[in-house]
Amino acid sequence: MHRVTVALPALEYPILIGAGLLPDLGQELRAIGLTGRLAVVQDAAVADRYGSAVLTSLGEAGYRAVSITVPSGEESKSLDQLGRLYDAFAGAGLDRGSAVVSMGGGVVGDLAGFAAATYTRGIPFVQVPTTLLAQVDASVGGKTGIDLPAGKNLVGAFHQPRLVLIDLDTLSTLPERDYRAGLAEVIKYGIIADPELFGFLEQNRDAVLRHDSDVVEHLVVRSCQIKAEVVVEDEREAGRRAILNYGHTIGHAVEATAGYGVYLHGEAVAIGMAAAGRLSSRAGWLSEEDRARIERLIASYGLPVRLREPLEPEALVAAMRLDKKSRGGELRFVLARGIGQVEMTPVDEGLAREALAAGQPELT
Ligand SMILES: NC(=O)c1ccc[n+]([C@@H]2O[C@H](COP(=O)([O-])OP(=O)(O)OC[C@H]3O[C@@H](n4cnc5c(N)ncnc54)[C@H](O)[C@@H]3O)[C@@H](O)[C@H]2O)c1
Ligand SMILES: [Zn+2]
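Rules used in this analysis
- Residues numbered from 1 in each chain as written.
- Chains lettered and ligands numbered in written order.
- Predicted model: local features only at pLDDT ≥ 70, side-chain atom pairs only at ≥ 80, totals over all residues.
- Heavy atoms only, no water.
- Core = buried A, V, L, I, M, F, W, Y, C linked by side-chain atoms within 4.5 Å.
- Buried < 20%, exposed > 50% of the residue type's maximum accessible area, 1.4 Å probe, protein only.
- Contact = heavy atoms within 4.5 Å.
- Near = heavy atom within 4 Å.
- Polar contact = N/O pair within 3.5 Å; in protein donor to acceptor, adjacent residues only side chain to side chain.
- Areas by Shrake-Rupley, 256 points an atom, 1.4 Å probe, with all protein chains shown as cover.
- Helix = DSSP H or I, 4+ residues; strand = E, 2+ residues; numbered from the N terminus.
- Nonpolar A, V, L, I, M, F, W, Y, C, P; charged D, E, K, R; others polar.
- Salt bridge = Lys/Arg side-chain N within 4 Å of Asp/Glu carboxyl O.
- Lys, Arg positive; Asp, Glu negative; His and termini not counted.

Describing the nonpolar core
Move 1: In terms of nonpolar packing, the biggest core is built from 57 residues, with I15, I17, I187, V220, Y246, I298 and Y301 touching the most fellow members.
Move 2: Apart from residues lying up to four places away in sequence, Y301 is in contact with R180, L183, I187, L201, N204, R205, V208 and L209.
Move 3: Ranked by size, the runner-up nonpolar core spans 21 residues in total, among them A253, L316, L335 and V347.

The following block contains the structure:
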């Protein structure tokens, strides 16, 4: 088992990573000192497969737990589901000594985390991520929240988990498309912070796509280390944490403009990272060689580097203006100076439009 520590000054917490860890959940919760009742919030698809193993482990460790199942899919990051959780917490008599455990992907983690952040003004929260995307990204760092009809992640709170327990075995049942979408965020870590990880992904493509267990473990551990390091330096995104948004300004615009669900988050981020590479080279920041290397790596994992269907440029630009990094209508992007080195910068709208135009499907 690997242990990565998120060494925040106010509250340090461990990320435990290994195969077959689910049955240890009860003991690990005892180890961090949780003593009260537990609400286990589970994605429906995950509850079917892993729910009983988890509830058995909690029971054996002496916990009283109530299990709440949430329908799979982004639509569950809603006020409706949030209300359901609050009612279930209150109905089960949860109080300030209780804790919430989320089991599933980023959807359930964000939703249950926000419920934990706000129920009785905040109770402890534990993440058990079961998608690659949540294991390498969403479960670490304390961003929680829900969507509104007007936009994604518009309501939320910073609420760090007390523990993240990653059982790599849960990935065995994850659909391949979701696995590859998670790899987009791993590629992102290579581009923003770690040329060695980038090279590893270039050299070990076949093993990664074969789900070789040692290789997957390395990717998850390294990704968690990078995310932990960035979050510790800048928990509330006053500065450096923004680099985690590489590829996301355009990626979020693609998700929203195409309609949520048309592209998985990781697929939209892949398109956004390729576009940000083009933008970086047009701005004179990134060599043509490195731009092409980034695009080649993304494509080699079966991820898109262009839109599958054309999207209206005006709608994309309008969506980018809504990005939380924009200020007073000015577009701001995280751009690359080289592999492993990125910075946030204002970007001229004309340049952004050119990079977007190059991301439209190729005419055949
Ligand atoms: N808080 C953060 O820092 C952060 C970071 C990145 C993304 N996110 C959010 O995460 C969400 C996306 O997360 P996601 O990609 O994990 O999607 P998800 O939670 O929707 O899970 C993807 C699919 O996989 C299924 N599933 C989950 N685990 C499974 C398993 N082990 N076996 C079989 N099926 C399984 C789910 O039912 C779902 O259909 C978005 O809402 C995004 O905004 C948050
Ligand atoms: Zn992302």
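Focus: the site of ligand 1
Move 1: If you check the shell around ligand 1, you find 26 residues, and the closest are D43, E74, T130, T131 and T173.
Move 2: Measuring from an oxygen atom of ligand 1, one finds a side-chain N or O atom of S72 at 3.1 Å.
Move 3: Taking T130, its side chain carries an N or O atom lying 2.8 Å from a nitrogen atom of ligand 1.
Move 4: Alone, ligand 1 offers 870 Å² of accessible surface; in the complex the protein occludes 87% of this.
Move 5: If you tally residues by element for the shell around ligand 1, the top one is helix α2 (residues 44–60), at four residues.
Move 6: Residues belonging to the shell around ligand 1 are distributed by class as follows: eight nonpolar, eight polar and ten charged.

Quick look at the pattern of salt bridges
Once their charged atoms are close, side chains differing in charge can pair, the charge on each being opposite to the other.
Move 1: This model, assessed by the stated rule, comprises 26 salt bridges.
Move 2: Two residues, K77 and E74, come together in a salt bridge whose shortest N-O distance is 3.9 Å.
Move 3: Looking at K77, the relative accessible area reads 4%, which means it is buried.
Move 4: The class of E74 is partly exposed, set by a relative accessible area of 23%.
Move 5: Close ionic contact of E185 with K188 constitutes a salt bridge, the shortest N to O distance being 2.9 Å. Taken as a pair, E185 and K188 lie in helix α6 (residues 176–193) at a separation of three residues, close to a single helical turn.
Move 6: A single network of salt bridges, built from pairs that share partners, joins E74, K77, D110, D147 and K152.

A short note on the side chain of D167
Move 1: By the secondary structure assignment, D167 is in strand β9 (residues 163–167).
Move 2: Buried and without a salt bridge, D167 has R49 as its closest oppositely charged side chain, separated by 13 Å.
Move 3: Of note is the side chain of D167, whose polar atom sits 2.9 Å from the backbone nitrogen of D169.
Move 4: Apart from residues no more than four positions distant in its own chain, D167 is found in contact with G18, A19, G20, L21, L22 and Q135.

Any link to function would need more than the numbers given here.
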